[in-house]
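# Structural overview for review
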Amino acid sequence: MENNNARRNFLKQTAILSTATIIGSSLFTSTFAAEKSLNIDSEILDYANLNLEAPYSLPKLDYDYDGLEPHIDKATMEIHHKKHHQGYVTNLNKAIETLDPKLIEQSKSLDTIFNVMSKFPESVRNNAGGHYNHSLFWTLMKPNGGGNPKGKLADAISSTFGSFDEFKKQFNDASMKRFGSGWAWLVVQDGKLVIGSTPNQDNPLMRLRGKGFKGKPVLALDVWEHAYYLKNQNRRADYLESYWKVVNWDAAENLFNSL
Ligand SMILES: [Fe+2]
């Protein structure tokens with residue numbers, strides 16, 4: 001009798017444990033799936049480690065305003081960072097205040113905004129883009145920069161474009177041909193390096209209706225006149241020449257390697 005009771009208890013406990021394991025496993029699966037889908041969303045920005053979450057604020061530069069002299073002048077850097085970039089940050093925070101509550105919830109990080117970009121008004125699109133693009137741009141320049149890329153990025157540039165010189169030529173072309181204001185980009189698109197450009201403050205991470213230029217940025221170059229007018233006036237080609245002397249290939253390679 002005792003044996004029967006012991007056996008029944010054993011079977012009952014085993015059944016409880018099995019059920020708990022199944023429930024636990026399905027909970028684990030759904031939690032994992034949720035985390036995975038969240039990761040896919042946040043992945044679009046996390047790789048650049050820019051920490052761009054609301055309330056949005058102006059990031060500090062890793063170098064002084066005169067750190068890129070004589071190629072990019074101090075006055076341009078100071079106005080560009082303190083006035084233009086700050087303007088995007090201020091106007092983004094203001095634009096978010098006027099949204100309906102559901103959209104405010106979705107505006108707490110730039111990755112979420114870019115993922116559902118077409119739901120947001122133009123004021124958010126322009127200022128969120130302006131904030132992200134500039135934050136990335138500052139990190140992709142440095143004092144005593146320039147030279148040639150190294151490592152895996154250098155290999156990928158050579159195998160994709162034939163040579164570093166050919167890559168520069170194509171990147172310069174994209175920068176020169178961007179009519180009016182915008183950005184030139186080197187991105188990874190479907191596992192391949194691709195050069196392109198976007199108008200205004202759009203970027204290749206925004207999920208917009210229609211066929212925009214898409215990919216994960218490795219290089220970002222501001223070709224708005226405010227980026228060069230004080231020193232170069234309307235000569236964008238001169239600005240490009242200066243840019244290649246301050247480009248931060250280490251940062252670009254880090255981005256490329258993290259993709
Ligand atoms: Fe700019």
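All of the points below concern the structure found in this document. From a predicted model like this one, the values you see are computed outputs, not experimental measurements.

Parameters at a glance
Residues numbered from 1 in each chain as written. Predicted model: local features only at pLDDT ≥ 70, side-chain atom pairs only at ≥ 80, totals over all residues. Heavy atoms only, no water. Pairing = 2+ DSSP bridges. Helix = DSSP H or I, 4+ residues; strand = E, 2+ residues; numbered from the N terminus. Axes fitted to C-alpha atoms, helices over the stretch in contact; angles between N-to-C directions. Contact = heavy atoms within 4.5 Å. Buried < 20%, exposed > 50% of the residue type's maximum accessible area, 1.4 Å probe, protein only. Parallel < 35°, antiparallel > 145°, perpendicular 65-115°, else oblique. Left-handed = near helix turned anticlockwise from the far one by under 90°. Nonpolar A, V, L, I, M, F, W, Y, C, P; charged D, E, K, R; others polar. Salt bridge = Lys/Arg side-chain N within 4 Å of Asp/Glu carboxyl O. Arc of directions from axis to C-beta. Core = buried A, V, L, I, M, F, W, Y, C linked by side-chain atoms within 4.5 Å.

### A closer look at the sheet that holds strand 2 (residues 192–199)
Ordered by their spatial adjacency, three strands build an open sheet running 2-1-3, and the pairing between neighbours is antiparallel. Two strands in the sheet have a free side with no partner beyond their single neighbour: strand 2 and strand 3 (216–222). Averaged over all pairs of adjacent strands, the angle between strand axes in this sheet comes to 20 degrees, irrespective of strand direction. Alignment of strand 1 (residues 182–189) against strand 2, held across eight bridges, turns out to be antiparallel. When the bridges of strand 2 are listed, Gln189 appears paired with Lys192. Helix 10 (residues 249–257) contacts strand 1, strand 2 and strand 3 of the sheet and is inclined by roughly 150 degrees relative to strand 3.

### Digging into the pairing of strand 3
Each regular strand carries side chains that alternate between the two faces of the sheet. Along strand 3, six of the seven residues are buried, which leaves the element largely enclosed by surrounding structure. As paired elements, strand 1 and strand 3 share six bridges and run antiparallel to each other. For Trp183, the partnering residue across the bridge sits in strand 3 and is Asp222.

### Re the packing of helix 7 (residues 164–177) against helix 9 (residues 236–243)
Running from amino to carboxyl end, helix 7 crosses helix 9 at an angle of 140 degrees, the nearest separation of the two axes being 10 Å. Accordingly, the angle class assigned to the pair helix 7 and helix 9 is oblique. Note on packing geometry: the crossing formed by helix 7 with helix 9 is right-handed. Together, Phe171, Asn172, Ser175 and Met176 of helix 7 and Arg236, Ala237, Leu240 and Tyr243 of helix 9 make up the contact between the two elements.

### Looking at the packing of helix 2 (residues 74–97) against helix 5 (residues 122–139)
Close contact between helix 2 and helix 5 brings their axes to 8 Å; oriented N to C, the two are set at 140 degrees. In this structure, helix 2 crosses over helix 5, and the sense of that crossing is left-handed. Facing helix 2, whose interface residues are Met77, His80, His81, His85, Gly87, Tyr88, Val89, Asn91, Leu92 and Ala95, helix 5 presents Ser123, Val124, Asn126, Asn127, Ala128, Gly130, His131, His134, Ser135, Phe137 and Trp138. For the contact of helix 2 with helix 5, a count of residues per class yields nine nonpolar, twelve polar and no charged.

### Observations concerning the environment of Met176
Structurally, Met176 can be placed in helix 7. With 21 residues separating them along the chain, Met176 and Ser197 place their C-alpha atoms 9.9 Å apart. Excluding residues within four positions of it along the chain, Met176 makes contact with Arg236, Ala237 and Leu240.

### Description of the pattern of salt bridges
Side chains bearing opposite charge may pair, as long as their charged atoms lie close to each other. Using the criterion set out here, one finds six salt bridges in the structure. For Asp238, the salt bridge is made with Arg235, and the minimal N-O distance between the two is 2.8 Å. Judged by its relative accessible area of 31%, Asp238 falls in the partly exposed class. Among the ionic contacts, a cluster of salt bridges with common partners joins Lys142, Lys150 and Asp250.

### Description of the pairing of strand 1
Across the eight residues that make up strand 1, a large majority, seven, are buried. Hairpin remark: strand 1 followed by strand 2, antiparallel, with two residues in the connecting loop; positive phi at Asp190, about 50 degrees.

### Looking at helix 9
Listing the buried residues of helix 9 in full gives Arg236, Tyr239, Leu240, Ser242 and Tyr243. Axial view of helix 9: buried residues confined to an arc of 160 degrees, hence all on one face. Residues of helix 9 that are buried sit in contact with helix 5, helix 7, strand 3 and helix 8 (229–232).

### Some thoughts on the nonpolar core
Tyr132, Phe167 and Leu219 are the most contacted members of the largest nonpolar core, which has 71 residues in total. Setting aside anything within four residues of it in sequence, one finds Phe167 in contact with Ile157, Phe161, Leu186, Ile195, Leu219, Trp244 and Trp249.

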